[in-house]
Each structure stands twice: as C-alpha cells, then as structure tokens.
2 protein chains.
Amino acid sequence: MIGRKLVEKIAADPGALGYDVTAMTLVDVVLPPVPAGLSVVASALALDVSDPGVAAGLVASRPDVIFHLAAIVSGEAEADFDLGYKVNLDGTRFLFEAIRQEGLRAPYAPRVIFASSIAVFGEPFPEKIGDTFFTTPLTSYGTQKAICELLLADYTRKGVFDGIGIRLPTICIRPGTPNKAASGFFSNILREPLAGKEAVLPVDESVRHWFASPRSAVGFFVHAARMDTARIGPRRNLTMPGLSALVGEEIEALGRIAGPKTVALIRREPDPVIRRIVAGWATDFDAQRASELGFTAESTFDEIIRIHIEDELQGRIGHG
Amino acid sequence: MIGRKLVEKIAADPGALGYDVTAMTLVDVVLPPVPAGLSVVASALALDVSDPGVAAGLVASRPDVIFHLAAIVSGEAEADFDLGYKVNLDGTRFLFEAIRQEGLRAPYAPRVIFASSIAVFGEPFPEKIGDTFFTTPLTSYGTQKAICELLLADYTRKGVFDGIGIRLPTICIRPGTPNKAASGFFSNILREPLAGKEAVLPVDESVRHWFASPRSAVGFFVHAARMDTARIGPRRNLTMPGLSALVGEEIEALGRIAGPKTVALIRREPDPVIRRIVAGWATDFDAQRASELGFTAESTFDEIIRIHIEDELQGRIGHG
C-alpha cells in the first residue's frame, strides 16, 4: 500500500526526491501496477528478491535510490517460520549483498531506504520509548526487522550503500477493506463509518497506540531519499514521529469531523484475543532524532481523518 | 581459551552443571585437546559449523547442553567481511536451525549458551550502560553477535531451545603470550611483569574499561547451564557483571600484590592508533539483571590478579 502510494507520489511529482527521477523499476511478487500518466520511464516486474540471484539482476541497472518495503507480514511470519526468515531476512540480505557485489565490480553506493517497524520493540516498555531503547522483539517479524536494521547499519558503515531504516508507526487510516490483522480496527472504526458503513471496535476506548497517516508514511520515505545523510552518523535506524492517541480520541475526532450519526456506526464488540494482543504493543515514543532530522507526522487525529477524506474520499464523507 | 577452561572445569568436577555429565563432544575448527584425567566419555572433532550440514550431524546425538563459543574474532571479521558473516552469523544460524530440525523429528529443546560480547554496543555511551540500552555495533563482529542474540531470543521464544546469551566483559588476565589484539595490553601489563618480563602500556593510566577474570567467564557459562531459566522471561541476552576499572587501578593492584620492582617492568610507549581504538570502547555497565539472576564477577583488580596467580602460576610470582 505504501509502495503504491510512494510510486503515485513520484508519478505526480517527478521532482519529489529533490532531482528529476528519470526511470523507475517497480518490483513485487505480483506484477505491480504502473500508475497512469507517469512521465518517467517505468518498468514493472513480478519477482521475488528472496530467490537467490534475483536481487543481483535488479541491482545491475544501478539505481540511485532503492526503496525496500517487501515483507511477509507479522501474522504470516509468525505462522510460517521458514517463510518469514526467507523473505524478511534472507531476501533483504540478498539485496544488500547484491549491492555490495555490484560495488565490487565498479564503485556504486546507492541510497537504500528500508521499511522497518515498531515491532522491533517488545514489552515491557517505558512510558515513552526513546531513541536508545533496546530492540527485544516478541515476534519473528520483529526479530527479522531488527536483524535487517543491524545489517543495514553495518553495510552502511562499510560504505556499501547509504542506508536509512524507517520504523513506521501503525498506518491510519489504512485504505481498502477491513482485514483480519489484529491492528485493523484502528482504521476500520474511522474508514467504515466515514463511508457510511458499520465497524466493530473490539477493545476499550482507553487503549493507546502510535499512529501516522499514509501520507506521512510516504513523506518519511521521500524525506529519507532526499535528506543529507552526513548528519545521521552510524545509527541508521530511526523511529519515525507519530501521534500517540487513545481509541477514545480517534472517536472524538470522528465526531467533530463527521458528526454523531457517523460515530454511531461504531459497534462495540469486545474481543479478548485482540485485546490481549494489543496490550503487548507500544503506546508512545519520543522520536527525537527523527524529528530533529526533519521527519514529520500528524499531531491530531483530526488531521489524520482529514487526510483520509482528501486522499481517499475526494473530499466527501458518505452517509450510507 | 574460555572453551578450553570450561572443559577443564567440567573435567575436574563432572557435577559442575548441577547433574553428572556423562559425555562431552568438543568441536573446533582445529582438533581440540581432550583434558587428561577426564572421567566422562569425550570425543573431539575438527569441524566447522559454518559448513552446511555439519551442525545437523553434531546435534543428532541430542546433547542436553550446547555451549556455542565459536567465532572469528573482531579484527578478522572486520578485515574479511565474507568470512565474518559466514562463521559468526551463518554458522550460528546453521546450529540453531539444526536444533530446530532435530526437534521437528522428535521433541528436543536443549539448553543453548551463546558467547556474545559487549561489542554489540557502540559509542556514544551513557556513563553506565544499562540493561535496556540499544545495540548499535560499530564493527561487523559486534553486528554479527547482535544478530545472533536476536535469533537466540526468537528461537527460544518459539520453544526450539532454551537459550541464554552471555555478553562477556574483556577477559583479564588472559593467559598465553602477548598478541596483537588492541585490547591485549590490559592483560599484558599484568601477566608479563608477574612472570618477570617487560610489558608495553600504549595508553594513559586514565583509560577505563570493563573486566572479568577467565575464572568468572567459565563461571558465567556454568551458571547459565544450570540456572532456572523460568525466571528470565523473553529477554535472553544478558550483559555479564564485571569490574569497571582504570588502567591506573590495574597497576596499583599489581604493586600491592607483587611490589614496585614488578610494576617497574611496565614500559610506557603511547600508541595513538590503539589509544583511538580503545577510546571507542564501553567503560562501565550496570549489569543489574545478570547480577539478580546470580551471575558474579570480581569487584577488585587484586582479586583478578590473585586468580591469575592461583590458576596460571601455581601460586608463584616470577621475578625475572
């Protein structure tokens, strides 16, 4: 989803990265769509970088910037241990190593932006997780992301590439339809009512979590691609800024923007399984370094909802 | 060195791990010596666990406890990127994965003790590095150790084995002869004068560092093998206790125990290269968790020196 929006952003504004993008190669395990009206040369490939040799072929064209967002999601990586390590660890390592081998043939050191996750952290947490808090993931997905962060920093230190790891907050409002991800309800309870549909809230309103909009997420990747990395030093993995908010604050913002009838579409249906999963997630961060380096996110849920209305609903709120 | 001392410890006291050890398999890339007088069945093998398939063969005998100390050292891992990753990362992952495959055939979950290092940390440091400080290694060796720590915790969480990562302080007094490791002088300036020989001090007496004796190091592994792991929880990598001391304090302790003639054998020969390397190393830790879990180390350099005299010099100090 973020990959698609990032491509659309560059398609709409080829100077977004600070210089004119002249060519893009889009790679996914299923053939990714090339956005209409793209003025730059674009090719789309259905390839799996976790297959040996694939990354070497991709890197041979020597792109200046590589965005690496490919991953098996958390639930699947937990259910299929081998697949998670293959895609999330070996796939990333193949890519990093392909860049290194390319650079051994002739000097080459692209900017590499890696999508990491706040899943690198595991409870118990301090009230706010600071930039020097340790990574003790409690999922295989988080473990794989934390390992790739370490590889990214070491390959960067060795001059293989110029890497930045982006620890994304939970993206809200995620467009599309309700899915079975345990975190889905954070978006569902806003997106569905805004479209005039019912949504289920499985936890209490007192649940706190860490959010950024899809627009901010795209902004993180764009900023990471164009920023001056000389200021970063060897600590290359950054917790992105976000908004720490209660579910109750989400709902209040929805009421302010769309009124009580929309809020009434949220149906409370407590789910002890989801409640237990969510209780283990981080609730608040002090993303000082990323903020100082110019990364920005929303500061209210009203903003997050308005961005969804602008970017996904063409400015209109539906009422059934 | 620690592996050898650990084997000697178990040879001398087959009940050291809390039950009778009945068989040991010693594995190293060069054939390891089997200590004389070993009452348990012991076999020694020259094998490289970083070669695919080797670990599976070793694990097939289903040992109850596996001590994994094999590694390419820091300088070599920095000089040979491929070899460091092969031995320190892939070798460890092969071992962990061989245990998992063995457990898939029939239930099996051994205790696994992994030798990690304070090289998982990278400057700048707080005055004391606490148990929740993040791992931002500044060497490939430290990166590989930090990655293996993450794997150890994830495999443990998944029930594949019962793992404990042991972050060793700098071992002092390291027996043997002076070597070219940048940290060698910390031991050289004590070991050589105690044997009546000259030693070179390349840094100021105001340099602070983090130490434990070889006897403590063996004790960490023995304790990790016999402790009740139910108390540890999912955070399986522990900074071991140690002694934070100045080089000047090392020398004062030497003077107290062996007199001024012995101290006079230390020759000051400042080396800006070594001084710069050492300046990037951690100087002090608050190893609270490991201490609470029963790991212990020395609290004075006098103890560290006395242990060397007892364990290596048969109680005698040489004077040229």
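These numbers were taken from a predicted model, which means no experiment stands behind them.

How each quantity is defined
Residues numbered from 1 in each chain as written. Chains lettered and ligands numbered in written order. Predicted model: local features only at pLDDT ≥ 70, side-chain atom pairs only at ≥ 80, totals over all residues. Heavy atoms only, no water. Pairing = 2+ DSSP bridges. Helix = DSSP H or I, 4+ residues; strand = E, 2+ residues; numbered from the N terminus. Axes fitted to C-alpha atoms, helices over the stretch in contact; angles between N-to-C directions. Phe/Tyr/Trp six-rings, centres within 6.5 Å; stacked < 30°, edge-to-face > 60°. Buried < 20%, exposed > 50% of the residue type's maximum accessible area, 1.4 Å probe, protein only. Domains from an automatic or database assignment. Buried area = accessible area lost by both parts, 1.4 Å probe. Salt bridge = Lys/Arg side-chain N within 4 Å of Asp/Glu carboxyl O. Polar contact = N/O pair within 3.5 Å; in protein donor to acceptor, adjacent residues only side chain to side chain. Nonpolar A, V, L, I, M, F, W, Y, C, P; charged D, E, K, R; others polar.

## Re the sheet that holds strand S5 (residues 162–168) of chain A
All names here are of chain A. Pairing is parallel in the open sheet, where four strands are placed in the order S3-S4-S5-S9. A single partner strand is all that each edge strand has here, and the edge strands are strand S3 (65–68) and strand S9 (237–239). When strand polarity is set aside, the average angle formed by the axes of neighbouring strands in this sheet is 20 degrees. Direction of pairing for strand S4 (residues 111–117) relative to S5: parallel, over a ladder of seven bridges. Bridging across to S5, Arg 111 finds its partner in Asp 162.

## Things to note about the sheet that holds strand S8 (residues 208–212) of chain A
Residues and elements named next belong to chain A. Spatially, three strands are ordered S6-S8-S10 in an open sheet, and the strand pairing comes out mixed. In this open sheet, the two edge strands, each paired with only one partner strand, are strand S6 (170–171) and strand S10 (243–246). Where S6 and S8 come together, two bridges link them in parallel fashion. Looking across to S8, one finds that Thr 170 is bridged to Phe 211.

## Some details on the packing of aromatic side chains
All names here are of chain A. Counting across every chain of the model gives 30 aromatic pairs over all chains. Geometrically, the ring pair formed by Phe 121 and Phe 285 is tilted, given 5.6 Å between the ring centres and 55 degrees between the ring planes. Of this pair, Phe 121 sits in the loop between S4 and helix H5 (140–157) while Phe 285 sits in the loop between helix H10 (272–279) and helix H11 (288–292), and the two are 164 residues apart along the sequence. The same class applies to Phe 121 as to Phe 285, namely buried.

## A short note on the domain arrangement of chain A
Residues and elements named next belong to chain A. Domain boundaries in chain A define domain 1 (1–47), domain 2 (58–168) and domain 3 (177–320). With centres defined by C-alpha atoms, the gap from domain 2 to domain 3 works out at 23 Å. In terms of surface lost to domain 3, no three residues of domain 2 exceed Ile 118, Asp 131 and Arg 167, which account for 24% of the buried area on that side. Between domain 2 and domain 3 we count two salt bridges in total. The partner of Asp 284 in a salt bridge is Lys 128, and the shortest N-O contact between them spans 3.5 Å. The interface formed by domain 2 and domain 3 contains 17 residue pairs in polar contact (both at pLDDT 80 or more). Of all the secondary-structure elements, those providing two or more residues to the side of domain 2 that touches domain 3 are S3, S4, H5 and S5. Per element, the largest residue contribution to the side of domain 2 that touches domain 3 is seven residues, and it comes from S5. Classifying every residue of the side of domain 2 that touches domain 3 gives 14 nonpolar, four polar and eight charged.

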